[in-house]
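Residue strings, one per chain:
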Amino acid sequence: MPVLTLDHRPQSLGAWVGGLWRHRGVLVALARKDFRVRYKRASLGVLWSVAVPLFQTTVMVFIFSRVGRFGSGGAFSYAGFVLAGMVPWLYASTSITSSTTAIVDGSSLTDKVWFPRAVLTLVPPTANLVTLAISAVILVVALPIVGEPFSPRLLLIIPSAGLVVAFCAALGLLLGALYVYFRDLKFMVQAVMLAWFYVTPIVYPAGALRTAGPWLDFNPLTGIAGLFQHAAVGAPMPSHRALVVSLATTLVVLVVAVVTHRRHDRLFVDLL
Amino acid sequence: MTTPAIELDAVAKRYWKIQERSLLRSLVPLGPPNRSELWALSGIDLRVEPGESLGIMGRNGAGKSTLLRLLAGVTQPTTGTVTTRGRVAPLLSIGVGFHQEMTGRENVFVNGMLLGLSKSEIEACFDDIVDFADLSEFIDTPVKFYSSGMFMRLGFSVAIHVDPEILLIDEVLAVGDIGFRLRSFDRMRALQRAGTTIVFVSHWVQAIHMLCPRAICMHRGRIEVDGPTETAIARYHELLSTSGESEEMAPVHVVHRELLEADGSPVETPHQETWLSYRVVVRFARPVEGPQFFFRVLAEDGTLAYSMQTTVGDGWRSFPAGSETTAALTFRPRFGGGGTFRITMVVTNDDASVPLLHDQHGPSFFVPPRLGVVGVADLEASVVVDGRPRTDHQALRFENDPAAVEGG
């Protein structure tokens, strides 16, 4: 028989992790629901999850190759390069913005029945795994079309995808908790996302910015986007510093997020 | 003594009432503090044994919902400890745990999982859930096309099939058609017999009375009464009568009230066998569909001596705004032990979920006791000892006392 004793103290780390593990079924059910509801009333359904990123990438390639005169200098396909960078970016931007508001938006669900609030923030990164997979498939299919041969490098996409998922899950966990306390955060995240796209080497290679280039390494998405681009079209590997920043940021954010959730899991509801 | 299923020990819960909380204000701690504290619960000690059914009453803001949240484990206490032993299932109500765009079937699965069932467990009892909710035709329809009654049926059906050790019910049974409501009561009685602990929060006093032998009445975050349901109800009615609700604002108000003998003559000292008629003229300030009248006769100490109500939920007729009608309660005050009694009246909407008027200013009347009887009820008992009737109290009768003759 499950016995639950609550007092003013935060639950133990083990209890929190255990609770999260026991509710993994809820996470999957909610993520599936999230994904299905998103496309339910659209006649093209899940096709939109393919069409939108494809259209977005086409626009980017067109604008930045003509207007911005960014190019790869002929070493690899510029279109393939942008598409490769867009795959993690689209995943990250949609997941992070949805995770930020997830706990507050899900308040009707959590008013009466307890499950770790972390589940709610993990729903967008989980539901978006489907679109991440679809866009990765599109990338692989598109490579021969833009003139890039397949190479064993492509397998690097799998750990790279793992890294972007871990990063978004950790950041979403933290932002979702903070948003309960600071409702300004939603708009700040929206604004930051707008800028973040341009300080990440997606539509331009990191080398194109001669003096500012090294500073981009402190953006955790630089290493992640660079890995995808290297895997897909053989763009230069991101610097060690960029990779260390990506990994270290993910770990630090995860630790802070877990500490926050452990302490506040049953207090969020008081502020909803 | 068994281990209680629910144990609250010196529990208090504080909320912060926040006027404004911005990132800027919290980073720059200048200016007056922008929060004030609110103790939703304080000094709560409560024990509920396994299989016991507890009713919770109290006015809005008394702390009922906070208490239920603590029991559901949704929030934690500020001080003290809350212990629950067994699987706790809250009854999900309208809008909670349901997603409009998904079908009834999909919602059953998500809800079931939220309540702690595994997918295979839900599959096993899926047909029972749908049957009990009586929704087999609509189970593949998105729930946004459901009526509120259908929502409730589905929610209730999922919750009871979770087979919880502790079932938390918050106010929801007031909606739904009368047939389903009766079925729900049957089902809850079955759960009671099977040893499920039930905590039932409601403004619908009659429902608590039917289900729970024990109840607590909460007021301003404290437990005022913990005892037999009648005692808690009496206290609840007292609290309602002290409400600050102005009568002008009430959707229904009393225009005139009179207590007469059945033949229309004024009441002086009624006898226990005298038919009395309490007539109340009420005016409806806004249109009211099928109003229900609850008459309660309270003893001097506030305990409920008797209650009679109109039939709930049949939507018998509607009254336009500004109309008046008369409700008459005809009764015999057969309170064996006699005493001073007061008549109160509650008017609610058709399904008794929304109180429209609490009239606490009804008349009081005194009934003399029947000889030899003490207590509120009159069981018309007699005692035979050694083959001889020993309860003929005529001998105790005072000279010229007509009251005593009546009961004899």
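Structural data are supplied above this passage.
Everything numeric here is computed off the predicted structure, so don't read it as measured data.

Judged by nonpolar contacts, the single largest core of 140 residues is most densely connected at W89(A), I96(A), V203(A) and L154(B). Looking at this core, the element that brings in the most residues is helix α8 (residues 157–181) of chain A, giving 16 residues. In this structure, L8(B), I44(B), V74(B) and I216(B) belong to the second largest nonpolar core, which totals 28 residues.

For the rest of this paragraph, the subject is the environment of A248(A). Tracing the backbone through its elements, the reader meets A248(A) in helix α11 (residues 240–264). A C-alpha to C-alpha distance of 12 Å links A248(A) and L221(A), two positions 27 residues apart in sequence.

Residues and elements named next belong to chain B. Strand order in the open sheet formed by 3 strands is β10-β11-β16, and the pairing between neighbours is antiparallel. The open sheet is flanked by β10 (252–261) and β16 (324–331), the only strands paired with a single partner. Along the sheet, successive strands turn relative to each other by an average axial angle of 20 degrees, direction set aside. Relative to β16, strand β11 (residues 276–284) runs antiparallel, the two sharing 8 bridges. Note that in β16 the partner of V282 across the bridge is T325.

All names here are of chain B. Position of A285 relative to the elements: it lies in the loop between β11 and β12 (288–289). In this structure the C-alpha to C-alpha distance between A285 and G80, which are 205 residues apart in sequence, comes to 46 Å. In contact with A285, not counting residues within four places along its chain, are A250, P251, H253 and A321.

Let us look at the interface of chain A and chain B. Counting residues at the interface gives 38 residues for chain A, matched by 43 residues for chain B. For the pair chain A and chain B, the number of links is 2 salt bridges. Here E106(B) and R36(A) are joined by a salt bridge, their closest N and O atoms 2.4 Å apart. Inspection of the chain A/chain B interface yields 12 residue pairs in polar contact (both at pLDDT 80 or more).

All right, on to a nonpolar patch on the surface then. A surface patch of nonpolar side chains, amounting to about 370 Å² of accessible area, comprises L44(A), L47(A), W48(A) and V52(A). As for its placement among the helices and strands, V52(A) is situated in helix α3 (residues 47–66).

Right, let's talk about the pattern of salt bridges for a bit. Residues and elements named next belong to chain B. The final tally for this structure, using the stated rule, is 17 salt bridges over all chains. In this structure, E7 engages R85 in a salt bridge whose closest nitrogen and oxygen atoms are separated by 3.0 Å. Of the two residues, E7 is situated in strand β1 (residues 6–18) and R85 in strand β4 (residues 79–85); the sequence distance between them amounts to 78 residues. Here R85 falls in the partly exposed class, since its relative accessible area comes to 22%. Linking R257 and D359 is a salt bridge whose minimum nitrogen-to-oxygen distance equals 2.7 Å. With R257 in strand β10 and D359 in strand β18 (residues 355–359), this pair connects stretches of sequence that are 102 residues apart. When salt bridges that share partners are traced, they join E273, R332, R334 and E380 into one network.

Further remarks concern the packing of aromatic side chains. One pass over the full model with this rule turns up 14 aromatic pairs over all chains. Both rings, one in F284(B) and one in F319(B), keep their centres 4.7 Å apart while their planes meet at 20 degrees; by these two values the pair is stacked. Placement of F284(B) in strand β11 and of F319(B) in strand β15 (residues 318–319) is noted, with a sequence separation of 35 residues between them. By the burial criterion, F284(B) is buried, and F319(B) matches it. Connected via pairs of aromatic rings, a cluster forms that spans F331(B), F335(B), F341(B) and F365(B). Positioned above the aromatic ring of Y179(A) is the side chain of R183(A), whose terminal nitrogen or guanidinium carbon lies 5.6 Å from the ring centre. Geometry around F319(B) places R317(B) over its ring, the cationic atom sitting 3.9 Å from the centre.

This brings us to the state of the cysteines. Scanning the model with the defined rule gives 0 disulfides over all chains in all. Of all cysteine sulfurs, the one in C212(B) lies closest to C217(B), which takes part in no disulfide; the gap is 14 Å.

Attention shifts here to the pairing of strand β6 (residues 166–170) of chain B. All names here are of chain B. Taking burial as the measure, the 5 residues of β6 include 5 buried ones, the bulk of the element. Side-chain alternation along β6 places I166, L168 and D170 on one buried face and L167 and I169 on a second face that is also buried. The pairing of strand β5 (residues 88–90) with β6 spans 3 bridges and is classified as parallel. Its bridge partner lying in β6, V88 is registered against I166. Both β6 and strand β7 (residues 197–201) contribute to a ladder of 5 bridges, which runs parallel. Each bridged residue has a counterpart across the sheet, and for I166 the counterpart in β7 is T197.

Parameters at a glance
- Residues numbered from 1 in each chain as written.
- Chains lettered and ligands numbered in written order.
- Predicted model: local features only at pLDDT ≥ 70, side-chain atom pairs only at ≥ 80, totals over all residues.
- Heavy atoms only, no water.
- Core = buried A, V, L, I, M, F, W, Y, C linked by side-chain atoms within 4.5 Å.
- Buried < 20%, exposed > 50% of the residue type's maximum accessible area, 1.4 Å probe, protein only.
- Helix = DSSP H or I, 4+ residues; strand = E, 2+ residues; numbered from the N terminus.
- Pairing = 2+ DSSP bridges.
- Axes fitted to C-alpha atoms, helices over the stretch in contact; angles between N-to-C directions.
- Contact = heavy atoms within 4.5 Å.
- Salt bridge = Lys/Arg side-chain N within 4 Å of Asp/Glu carboxyl O.
- Polar contact = N/O pair within 3.5 Å; in protein donor to acceptor, adjacent residues only side chain to side chain.
- Patch = residues over 30% accessible without salt bridge, like charges linked within 9 Å, V, L, I, M, F, W, Y side chains within 5 Å.
- Areas by Shrake-Rupley, 256 points an atom, 1.4 Å probe, with all protein chains shown as cover.
- Phe/Tyr/Trp six-rings, centres within 6.5 Å; stacked < 30°, edge-to-face > 60°.
- Lys NZ or Arg CZ within 6 Å of the ring centre and 35° of its normal.
- Disulfide = S-S within 2.5 Å.

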